[in-house]
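Structural overview
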Amino acid sequence: MLYHVRMDVRVPHDVDAATFDRLKAAEKARAEELQRSGTWRHLWRIAGEYANVSIFDVADHDELHAILSGLPLFPFMQIAVTPLARHPSAIA
Ligand SMILES: O=C(O)C[C@H]1C=CC(=O)O1
């Protein structure tokens, strides 16, 4: 199943910079791993915002939740998920 996911990163003002840098590096490594495996199909920055829109290809809601909640930056993200169905006019 495909899911459209929007992630907005909310950095607390009092977060330790070195700790946050470590989490960002871990997030990048995990995001790259999931892209290489084909699970994280698209990852786009929303221009002008610390946010992304992504497309995930997973078996079901439970797998998506496990992946999202395991992301290193999960505690600092507001996440909105939209399940996608095939459009009848889509040719690809
Ligand atoms: O920067 C972001 O949008 C948040 C998160 C998603 C992938 C990644 O590397 O960081």
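Residues numbered from 1 in each chain as written. Predicted model: local features only at pLDDT ≥ 70, side-chain atom pairs only at ≥ 80, totals over all residues. Heavy atoms only, no water.

An unreviewed UniProt entry lists the chain under the name Muconolactone Delta-isomerase, from Neoroseomonas oryzicola. Per its UniProt entry, the chain bears the Subunit (unreviewed entry) comment "Homodecamer." As recorded by UniProt, the Sequence similarities (unreviewed entry) comment attached to the chain reads in full: "Belongs to the muconolactone Delta-isomerase family." (UniProt positions renumbered as here; feature names shortened; annotations may be inferred.)

1. Regarding the environment of alanine 17
Its place among the elements puts alanine 17 in helix H1 (residues 17-36). The class of alanine 17 is exposed, set by a relative accessible area of 52%. Separated by ten residues in the primary sequence, alanine 17 and glutamate 27 place their C-alpha atoms 15 Å from one another. (Helix = DSSP H or I, 4+ residues; strand = E, 2+ residues; numbered from the N terminus. Buried < 20%, exposed > 50% of the residue type's maximum accessible area, 1.4 Å probe, protein only.)

2. A few points about the pairing of strand E1 (residues 2-9)
The side chains of a regular strand alternate between the sheet's two faces. Bridge count for E1 against strand E3 (residues 51-57) is seven bridges, and the pairing is antiparallel. Its bridge partner being in E3, valine 5 is matched across the sheet by serine 54. (Pairing = 2+ DSSP bridges.)

3. A word on the UniProt feature "domain: Muconolactone isomerase" (unreviewed entry) in the chain
Residues given the UniProt feature "domain: Muconolactone isomerase" (unreviewed entry) here are residues 1-89. Split by type, residues 1-89 is 33% helix and 33% strand. Its first and last C-alpha atoms lie 18 Å apart.

4. Description of the site of the ligand
Surrounding the ligand, one finds Val9, Glu27, Lys28, Ala31, Trp40, Arg45, Tyr50 and Asn52. Between the ligand and arginine 45 there is a distance of 2.6 Å, counted from an oxygen atom to a side-chain nitrogen or oxygen. The contact in question runs from an oxygen atom of the ligand to an N or O atom on the side chain of asparagine 52, over 2.9 Å. Against a free-state accessible area of 280 Å², the protein chains account for coverage of 88% of the ligand. Mapped onto the shell around the ligand, the elements with two or more residues apiece are H1 and strand E2 (40-45). (Near = heavy atom within 4 Å. Polar contact = N/O pair within 3.5 Å; in protein donor to acceptor, adjacent residues only side chain to side chain. Areas by Shrake-Rupley, 256 points an atom, 1.4 Å probe, with all protein chains shown as cover.)

5. Section: the pairing of E3
Burial within E3 is extensive, with five of its seven residues counted as buried. As defined by bridge partners, E2 adjoins E3 across five bridges and the pair is classed as antiparallel. From the neighbouring strand, histidine 42 faces E3, where its bridge partner is isoleucine 55.

6. Some points on H1
The first and last C-alpha atoms of H1 sit 29 Å apart over 20 residues, in line with the 28 Å expected at 1.5 Å per residue. Buried within H1 we find Phe20, Glu27, Ala31 and Leu34. Viewed along the axis of H1, the buried residues span an arc of 65°, placing them on a single side of the element. Exposed and facing more than 90 degrees away from the buried side of H1 are Arg22, Lys28 and Arg36. (Expected span 1.5 Å × (residues − 1). Arc of directions from axis to C-beta.)

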